[in-house]
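Structural overview
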Amino acid sequence: MPGEGPGGFEGRAAFGGFGPGRPMGGPFGHGFGGHGGRRGGPHGRRGGRARRGDVRASLLALLKERPMHGYEMIAEIAERTNGAWRPSPGSIYPNLQLLEEEGLITAEEVGGKRLVSLTERGRAEAEAGPAEPWAEAGREVDWEAVQEVGQALVAVEQAVQQVMRTGTEAQRAKGLAVLTEARKKLYLVLAEDD
């Protein structure tokens, strides 16, 4: 695999031993953001991004099970989310570097790869964290609901255009007030208990 040959990881000066040697936009690259998250779409199109913090928590959770190397962790997350999220090396390796600097993991050369293990402090933090932080990213998208919302938005947009084109000034003002009120009510939905 790239960056995991007999000579160890490429770019060791940049990441203290972790990750492919390419510019990452700062000392820790993308940091904690789950860069590279993916979600399956109705036509196989993929996109999306994991929540901030998922990468770090996922690495710790995986390492509770056994020592692993970087690409193995990427593959494990992809498998456990059924391909919905496959974090990039640009998000994995800077997080590994940070965890090592914090004394939560150690790494040793085994078979030409850097095998990562939890320290005692790292295990304690992993045990205190979520058991499956990747679960949120692995949830299936309800594409039927997404389609319904899209259709409703199109219908609302058509109504707004008609009011703005043919309505009086007073009617246009009322239409804008309706939209403003709808936005407020949508946010209130999130505040309600189920």
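So, a few notes on the structure that sits alongside this text.

**Here we look at the overall build of the chain**
For the chain, the helix and strand inventory stands at eight helices and four strands. Evaluated residue by residue, the chain yields a buried proportion of 34% over its 194 residues. Sequence separation of 24 or more characterises 57% of the internal contacts of the chain that already satisfy a separation of 6 or more. Accessible area of the chain: about 11900 Å², with a carbon and sulfur share of 54%.

**Brief notes about helix α4 (residues 89-101)**
With 13 residues, α4 extends 18 Å between its outermost C-alpha atoms, agreeing within 8% with the 18 Å of an ideal straight helix rising 1.5 Å per residue. Listing the buried residues of α4 in full gives Pro-89, Gly-90, Ser-91, Ile-92, Tyr-93, Pro-94, Asn-95, Leu-96, Gln-97, Leu-98 and Leu-99.

**Side note on the pattern of salt bridges**
Using the criterion set out here, one finds eight salt bridges in the structure. Among the salt bridges present, the one from Arg-56 reaches Glu-102, with a minimum N-O distance of 2.8 Å. Placement of the pair is Arg-56 in helix α2 (residues 54-65) and Glu-102 in the loop between α4 and β3 (105-110), with a sequence separation of 46 residues. The network of salt bridges with shared partners includes Glu-65, Arg-66, Glu-72, Glu-76 and Arg-80.

**Some thoughts on a nonpolar patch on the surface**
Taken together, the side chains of Val-156, Val-163, Met-164, Leu-176 and Leu-179 make up a nonpolar region of the molecular surface, amounting to roughly 380 Å² of accessible area. Every element with two or more residues in the nonpolar patch is listed here: α7 (143-166) and α8 (169-191). For the nonpolar patch, the element with the most residues is α7, which contributes three residues. Looking at the secondary structure, you find Met-164 in helix α7.

**Remarks on the environment of Glu-109**
Structurally, Glu-109 can be placed in strand β3. Taking the C-alpha atoms as reference points, Glu-109 and His-69, separated by 40 residues in sequence, lie 9.8 Å from one another.

**Quick word on the pairing of strand β4 (residues 113-118)**
As defined by bridge partners, β3 adjoins β4 across six bridges and the pair is classed as antiparallel. Note on β4: the bridge partner recorded for Ala-107 is Val-116. In sequence, β3 turns back onto β4 through a hairpin of two residues, with Gly-111 there showing a positive phi of about 60°.

**A look at helix α3 (residues 70-80)**
For the α-helix, the turn length of 3.6 residues means that residues three or four positions removed from each other point alike. Within α3, burial applies to Gly-70, Tyr-71, Met-73, Ile-74, Glu-76, Ile-77 and Ala-78. For α3, the secondary structure elements touched by its buried residues are α2, α4 and β4. Looking at the residues trailing α3, positive phi occurs at Asn-82, about 55°.

What counts, and where the lines are drawn
- Residues numbered from 1 in each chain as written.
- Predicted model: local features only at pLDDT ≥ 70, side-chain atom pairs only at ≥ 80, totals over all residues.
- Heavy atoms only, no water.
- Helix = DSSP H or I, 4+ residues; strand = E, 2+ residues; numbered from the N terminus.
- Buried < 20%, exposed > 50% of the residue type's maximum accessible area, 1.4 Å probe, protein only.
- Contact = heavy atoms within 4.5 Å.
- Areas by Shrake-Rupley, 256 points an atom, 1.4 Å probe, with all protein chains shown as cover.
- Expected span 1.5 Å × (residues − 1).
- Salt bridge = Lys/Arg side-chain N within 4 Å of Asp/Glu carboxyl O.
- Patch = residues over 30% accessible without salt bridge, like charges linked within 9 Å, V, L, I, M, F, W, Y side chains within 5 Å.
- Pairing = 2+ DSSP bridges.

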